[in-house]
Amino acid sequence: MDRVAKSYAPLIEERDGKTTVTLSEDHPGFGDRRYIEHRERIAAAALHARTGDPVPYIMYSEEDDATWQLVTTSLSKLHKQYAAAEYLAHFDALNLPSDRAPQLRDVSDTIGELTGFKMTPAAGIVGTTTFYGELANRTFNATQYIRHPSQPRFSPEPDMIHEIIGHGAHLANERWARMYELVGKAVLRLSNPKAVQLVSRVFWFSMECGVVEEKGELKVWGASLLTSAGEMAQFRNVDIRELDLAGMAKQGYEPDAYQPVLYKARSLGHFEDFLEDFLTMIDDDTPDAI
Ligand SMILES: [Fe+2]
């Protein structure tokens, strides 16, 4: 049977038993046949995984291990300076190796013991409703490939560094695991695509790109910022706004570029209250009411 992965970029297709990954011309891995074939093997493992199977074991290359080591060493230094204290506390609970790429199945097991969340393999970017809806069952769709070594400071797509270092630490913390679950429950009760898109935007400006005040300084909370060394080094220079649902609803965003506008909370409690209020009240009419 032919299958097409639940992704829009890069294009991942399976035809007659062969999985292909097509990278766009501006992707750092474009033209690197060895990298693309490795990505195809990893994508195939995700496409062939059945519900309930263990997360596929990936044979990471020495180059992958070196990228993991380089990026995580660099991020770790930036996190000490810029990451929110609560993020740092729960990141340590993941007990990740520094010298090699970890297996997603091991990370999933660790998170599972802490909060019951599990990670399930995704070949690429997962469709919006599927991705958010599965959070309701404490299931997080995560990629297993690693960014191209020529551009370690930023990945235009969510790679395993983003999933594990960014979202993994959120999901290891019951306070935020519960919030991810609320995101899923909200999406499951919506039928209006505009309302689902609104949840997606709020998730983007909080769990992906949220910043928070801590002892008079701005700190990074969102997974996307936490896994982009380039963006973390300059996030305080962009247009930082107060949490504002109507503003988020109107604000476009580019998931594959640095963010020109970020939203800050006064504290993580402020973020939590803002999200919980929004996620419990949103219905199909909300996009037209704000
Ligand atoms: Fe993400």
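Fair warning: this is a prediction, and the values are worked out from it, not measured in the lab.

*Asks:* Tell me what's going on with the packing of aromatic side chains, and back it up with residues and numbers.
*Replies:* Aromatic ring pairs: the centre-centre distance and the angle between the two ring planes describe each pair. Evaluated as defined, the whole model comprises 11 aromatic pairs. For the ring pair Y87 and F91, a centre distance of 5.8 Å and an interplane angle of 25 degrees mean the geometry is stacked. Linking Y87 with F91, this pair stays in helix α3 (residues 85-92), spanning 4 residues, or about one helical turn. Overall, F91 belongs to the partly exposed group, its relative accessible area being 22%. When the ring of Y180 is compared with that of F203, the centres are 5.5 Å apart and the planes differ by 85 degrees; the resulting orientation is edge-to-face. Highlighted residues: Y180 in helix α7 (residues 174-188) and F203 in helix α8 (residues 193-208), separated in sequence by 23 residues. Both residues of the pair, Y180 and F203, count as buried. Each residue in the set F117, F131, Y132, F140, Y180 and F203 is aromatic and connected to the rest through ring pairs, giving one cluster.

*Asks:* Summarise the sheet that holds strand β6 (residues 211-214); cite the residues concerned and give the values.
*Replies:* Strand order in this open sheet of 4 strands is β7-β6-β9-β8, and the pairing throughout is mixed. Looking along the sheet, the strands with just one partner apiece sit at the ends: β7 (217-220) and β8 (239-242). If you compare each strand with its neighbour and ignore which way they point, the axes differ by 40 degrees on average. When β6 meets β7, the two strands line up antiparallel, connected through 4 bridges. Bridge pairing links E213 to L218 in β7.

*Asks:* Hey, could you go over the coordination of the iron ion for me, with residue numbers and the actual values?
*Replies:* Six octahedral donors at a metal ideally form angles of 90 or 180 degrees, and four tetrahedral donors ideally form angles of 109.5 degrees. Protein ligation of the iron ion involves H162 (NE2), H167 (NE2) and E208 (OE), the donor distances falling in the range 2.0 to 2.1 Å. Written as a sequence motif, the donor residues of the iron ion are H-x4-H-x40-E. Residue H167 is located in helix α6 (residues 160-171), and its partner E208 is located in helix α8; the two are separated by 41 residues in the primary sequence. According to the relative accessible area criterion, H167 is buried, its value standing at 1%. For E208, a relative accessible area of 9% puts it in the buried group.

*Asks:* Lay out the nonpolar core with the relevant residues and their values.
*Replies:* By size, the foremost hydrophobic cluster in this structure holds 80 residues, and its most contacted members are W68, F140, W221 and L279. A per-element tally of this core places α8 first, with 9 residues. The next biggest cluster of nonpolar side chains, apart from the first, holds 9 residues, and it includes I12, V21, I36 and A123.

Procedures and definitions
Residues numbered from 1 in each chain as written. Predicted model: local features only at pLDDT ≥ 70, side-chain atom pairs only at ≥ 80, totals over all residues. Heavy atoms only, no water. Phe/Tyr/Trp six-rings, centres within 6.5 Å; stacked < 30°, edge-to-face > 60°. Helix = DSSP H or I, 4+ residues; strand = E, 2+ residues; numbered from the N terminus. Buried < 20%, exposed > 50% of the residue type's maximum accessible area, 1.4 Å probe, protein only. Pairing = 2+ DSSP bridges. Axes fitted to C-alpha atoms, helices over the stretch in contact; angles between N-to-C directions. Donors = N, O, S within 2.8 Å, 3.2 Å for Na, K, Ca; no water. Core = buried A, V, L, I, M, F, W, Y, C linked by side-chain atoms within 4.5 Å.

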